[in-house]
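Observations on chain architecture
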Amino acid sequence: MEKIRIRSEGALRLNGRVKISGSKNAVLPAIAAALLTREKVRLRNVPLVKDVHTILTLMKGLGADSSLRRNTLTLEAEKFASTEASYELVRAMRASILVLGPMLARSGKAVVALPGGCAIGTRPIDLHMNGLQKMGARLTLEHGYITAEASKLRGADITFEKKTVGGTENIVMAACLARGETVLRNCAREPEVESLCRLLVKMGGRIEGVGEDVMRVRGVDELGGAAHDIIPDRIEAGTFLVAGALNQGSIDLVDADPAHLSTVIERLRFSGTRVEVKKDRIRVAGGGSILPQDITTSPYPGFPTDMQAQFMVLLTQAAGTSIITETIFERRFSHVNELLRLGANIEVLGDKAIVRGRTPLSAAEVMATDLRASASLILAGLVAKGETVINDVEHLDRGYENIEDKLRGLGADIKRISA
Ligand code: EPZ
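Residues numbered from 1 in each chain as written. Predicted model: local features only at pLDDT ≥ 70, side-chain atom pairs only at ≥ 80, totals over all residues. Heavy atoms only, no water.

**Notes on the overall build of the protein**
Rules: Only runs of H or I of at least four residues qualify as helices and only runs of E of at least two qualify as strands under DSSP, and these elements are numbered from the N terminus. Put simply, the radius of gyration uses C-alpha atoms, and a globule should come to 2.2 Å times the residue count raised to 0.38. The cut-offs for exposure are 20% and 50% of the maximum accessible area for each residue type, with area from a 1.4 Å probe on protein chains only; residues under the lower value are buried, those over the upper are exposed, and the others partly exposed. Whether two residues touch is decided by their heavy atoms; if any such pair falls within 4.5 Å, the residues are in contact. Where accessible areas are quoted, they stem from the Shrake-Rupley method and a 1.4 Å probe; at the residue level, only the protein chains shown are allowed to cover. We treat Lys and Arg as the positive residues and Asp and Glu as the negative residues; His and chain ends play no part in the count. The atoms used to mark charge sites are NZ of Lys, CZ of Arg, CG of Asp and CD of Glu.
Helix and strand counts for the protein stand at 14 helices and 24 strands. Relative to the globule expectation of 22 Å for 419 residues, the C-alpha radius of gyration of the protein, 21 Å, shows essentially globular dimensions. Taken across its 419 residues, the protein has 58% of its residues classed as buried. Taking all contacts inside the protein whose residues are at least 6 apart in sequence as the whole, residues at least 24 apart take part in 73%. When the accessible surface of the protein is summed, it comes to about 16,500 Å², and 48% of that surface belongs to carbon and sulfur atoms. A distance of 2 Å separates the average location of the 56 positive side-chain charges in the protein from that of its 50 negative side-chain charges.

Here it is in structure tokens:
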């Protein structure tokens, strides 16, 4: 079991530049999209994170060839060796469910393990399944596996009962090869969804309303190959912005896209953080006292649920009380118990966390429970006086590329240690 050890005097002094990697949540659906064509798909700016290796293992099992050279990935799914996504892989990464739509649309069959829940919630996929059923798929659930079959999917008019990133991605990919027109209503508008649709259009998909609530897809018989740049990871960027807000110095985020972070930047400026936005870089500096504020997570372009744990750390240092309301996932406060071990003053009441500041944090040994909780513990460790040790950093490696090297490059006393 690997751990991360952070030493801090309590105040944080980071200075310099950090390059933001490609987005985990953009590259995973883009990789799944390669199943829609027999031709080559080339993805640049791919983050070297654990989830990418997991989905490439899944793709290999399905018969797709892949080659990764530095951060450029070439995929080719000429034919399927299997149409099954195993429980072992789906359990390791829920996003494996994203192969369901493309595999069914291309081959007429898909067998995917029903993803279990995870630390942040039950994570159902009923909206994915309802959409595919409306497109004519026959779905059966047996022994924990979903079998989906359809000789040819047909266009349908589909309204998502709630905003779902993965559901929108699965259905828009399936619709590209369906017969006729599919209308998708109440679509998720996250930048990762929009980027996937831009890739699908490059592959020959006929999609109107990319990035909008309503998308119209006219199915085609075949899709072709394409080359595509993975967008910067807005959650990694947001995580470094919070580090900057906790910081006495000033750091520059390079290759970040400020347009994907407008709500987070607005909230940081409200807290008193100085944020200077340029085209593909963001300068952030903390230093003064931090104002408390109430945060409610909501679908894009609202405040991202994936930034909730990180922002909570900033609010522990605010001069007053803040209330965080988590509306997307039902169990996304597992980082609170660990922050309490570091001396934070937080009370959870249902979907709300009441954060009382300012509470100086003191170092302790803590446990990472999920990807973004891990990031919040790193941020807390950077301002907790003493030596903080974070266990179970495997969670972190799923979605952050060398985060400790990047932080050390800015001046943090942080290193990975083996148990
Ligand atoms: C994506 O998960 C992201 N993962 C998550 O990031 C992110 O937190 C989430 O979107 C919300 O923005 C990837 O893109 C790989 P949803 P996804 O479908 O698609 C409910 C991270 O840390 N729902 O938008 O699984 C669901 O329970 C991860 O990088 C249904 O009820 O999320 C949740 O309450 C964590 N039925 C809400 O919708 C369904 O069929 C939003 O889920 C599907 C979802």
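**Section: the domain arrangement of the protein**
For clarity, the threshold we go by: Residue ranges assigned to the domains are those given by an automatic or database domain assignment. What gets called buried area is simply the loss in accessible area from a 1.4 Å probe that two parts show on being joined, summed for both.
Domain annotation for the protein reports domain 1 (2-21 + 232-418) and domain 2 (24-229). In this assembly, 24 residues from domain 1 lie in contact with 22 residues from domain 2. In total, about 1,900 Å² of surface goes out of reach between domain 1 and domain 2, with carbon and sulfur atoms giving 50% of it. If you sort the residues of domain 1 by the area they bury against domain 2, Tyr300, Arg331 and Arg398 come out on top, with a joint share of 32%.

**Quick word on the environment of arginine 372**
Of note, arginine 372 is situated in helix α12 (residues 371-383). The sequence separation of arginine 372 and threonine 239 amounts to 133 residues, and the corresponding C-alpha distance is 9.0 Å.

**Comments concerning the pairing of strand β21 (residues 352-356)**
The cut-off we apply is this: Between any two strands, pairing holds if DSSP finds at least two bridges.
Of the pairings in the sheet, the one linking strand β19 (residues 321-325) to β21 comprises 5 bridges and is antiparallel in character. The partner of serine 322 across the bridge, within β21, is valine 355. In terms of strand pairing, strand β20 (residues 345-349) meets β21 through 5 bridges, oriented antiparallel. What sits directly across from isoleucine 346, in β21, is valine 355. Where β20 folds back on β21, the antiparallel hairpin that results is connected by 2 residues, among which glycine 350 adopts a positive phi of roughly 65°.

**Observations regarding the environment of valine 277**
Position of valine 277 among the secondary structure elements: in strand β16 (residues 274-277). Taking the relative accessible area as the measure of exposure, valine 277 reaches 40% and is therefore partly exposed. When the C-alpha positions of valine 277 and aspartate 257 are compared, they lie 9.3 Å apart, and in sequence the two are 20 residues distant. The contact partners of valine 277, leaving out residues within four places of it in the chain, are Pro258, Ile265 and Arg269.

**So, the site of the ligand**
To keep things clear, this is the line we draw: Being near a molecule or strand, for a residue, means having at least one of its heavy atoms within 4 Å of it. Under the rule applied, a polar contact is a pair of N or O atoms within 3.5 Å (in protein, one hydrogen donor and one hydrogen acceptor; residues adjacent in sequence only if both atoms are side-chain atoms). Under the grouping applied here, Gly and all other residues not named as nonpolar or charged are polar, the nonpolar ones being Ala, Val, Leu, Ile, Met, Phe, Trp, Tyr, Cys and Pro and the charged ones Asp, Glu, Lys and Arg.
Taken together, 23 residues are adjacent to the ligand, and Asp126, Leu127, Thr164, Asp306 and Ile328 come closest. A distance of 3.0 Å separates an oxygen atom of the ligand from a polar side-chain atom of arginine 123. One nitrogen or oxygen atom from the main chain of isoleucine 328 is found 2.5 Å from an oxygen atom belonging to the ligand. Computed on the free molecule, the ligand has an accessible area of 820 Å², of which 88% lies beneath the protein chains in the complex. Here the shell around the ligand gets 3 residues from one element, more than from any other, and that element is helix α5 (residues 126-134). When its residues are assigned to classes, the shell around the ligand shows 9 nonpolar, 5 polar and 9 charged.

**Notes on the packing of helix α10 (residues 308-316) against helix α11 (residues 334-341)**
Test applied: What counts as an axis is a line fitted to C-alpha atoms, over the stretch in contact for a helix, and the angles between N-to-C directions run from 0 to 180 degrees. Convention used here: angles under 35 degrees read as roughly parallel, angles over 145 as roughly antiparallel, angles from 65 to 115 as roughly perpendicular, and any remaining angle as oblique. The crossing is said to be left-handed when, going from far helix to near helix, the turn is anticlockwise and less than a right angle, and right-handed when the turn is clockwise.
α11 packs onto α10 with a crossing angle of 30° between their chain directions and a minimal axis gap of 10 Å. Taken together, the axes of α10 and α11 are roughly parallel relative to one another. Where α10 crosses over α11, the handedness of that crossing is right-handed. Contacts between α10 and α11 pair Gln308, Ala309, Met312 and Val313 from the former with His335, Val336 and Leu339 from the latter.

**Side note on the sheet that holds β21**
Sheets are built from strands paired through backbone hydrogen bonds, the pairs being either parallel or antiparallel. Read from one edge of the open sheet, 4 strands run β18-β19-β21-β20, paired in mixed fashion. The open sheet has two free edges, formed respectively by β18 (295-296) and β20, since each of these has just one partner strand. Across the sheet, α10 lies against β18, β19, β20 and β21, angled at about 30° from β21, the strand it touches most.

**Some details on the pattern of salt bridges**
Heads up, the rule is: Throughout this description, the term salt bridge denotes a Lys or Arg side-chain nitrogen within 4 Å of a carboxyl oxygen of Asp or Glu.
Overall, the coordinates contain 25 salt bridges when judged by the stated rule. Arginine 7 is the salt-bridge partner of glutamate 387, the closest N and O atoms lying 2.7 Å from each other. Of the two residues, glutamate 387 is situated in strand β23 (residues 386-391) and arginine 7 in strand β1 (residues 2-8); the sequence distance between them amounts to 380 residues. You can call arginine 7 partly exposed: its relative accessible area is 40%. One salt-bridge network, in which partners are shared between bridges, spans Glu2, Asp397, Glu404 and Arg416.

**Topic: the layout of surface pockets**
Defined as follows: Grid points spaced at 1 Å over the protein atoms alone were grouped into cavities, where a 1.4 Å probe fits but cannot get out, and pockets, open sets with protein on both sides within 12 Å along at least five of seven lines, with lining residues defined by an atom within 4 Å of a point. Grid points are joined across faces, edges and corners, and a volume is the space filled by probe spheres set on the points.
Approximately 250 Å³ is the volume attributed to the second largest pocket. For the second largest pocket, the lining is made up of 16 residues, of which Leu246, Gln248, Ile290, Gln317 and Arg358 are closest to its centre. Of the residues contributing to the lining of the second largest pocket, the split by class is 8 nonpolar, 7 polar and 1 charged.

**A closer look at the sheet that holds β16**
Strands sit in the order β2-β15-β17-β16 across an open sheet of 4 strands; the sheet is mixed. Because the sheet does not close on itself, it has two edges, and the strands there are β2 (16-19) and β16. Taking the axes of each pair of neighbouring strands and ignoring which way they run, one obtains an average angle of 20° across the sheet. For β16 and strand β17 (residues 281-285), the ladder comprises 4 bridges, and the chain directions are antiparallel. Across the sheet, the residue bridging to valine 275 is valine 284, located in β17. Helix-sheet contacts for helix α8 (residues 234-245) involve β2, β15 (250-254) and β17, and the interaxial angle to β17 is about 30°. Sheet strands in contact with helix α9 (residues 262-271) are β16 and β17, and its direction is about 140° off that of β16.

**Description of the packing of aromatic side chains**
Applicable threshold: Only Phe, Tyr and Trp rings are paired, with Trp represented by its six-membered ring, and only when their centres lie within 6.5 Å; those with planes under 30 degrees apart are stacked, over 60 edge-to-face, the remainder tilted.
Counted according to the given criterion, the structure contains 1 aromatic pair. When the ring of phenylalanine 303 is compared with that of phenylalanine 311, the centres are 5.2 Å apart and the planes differ by 80°; the resulting orientation is edge-to-face. For the residue pair phenylalanine 303 and phenylalanine 311, the accessibility class agrees, reading buried in each case.

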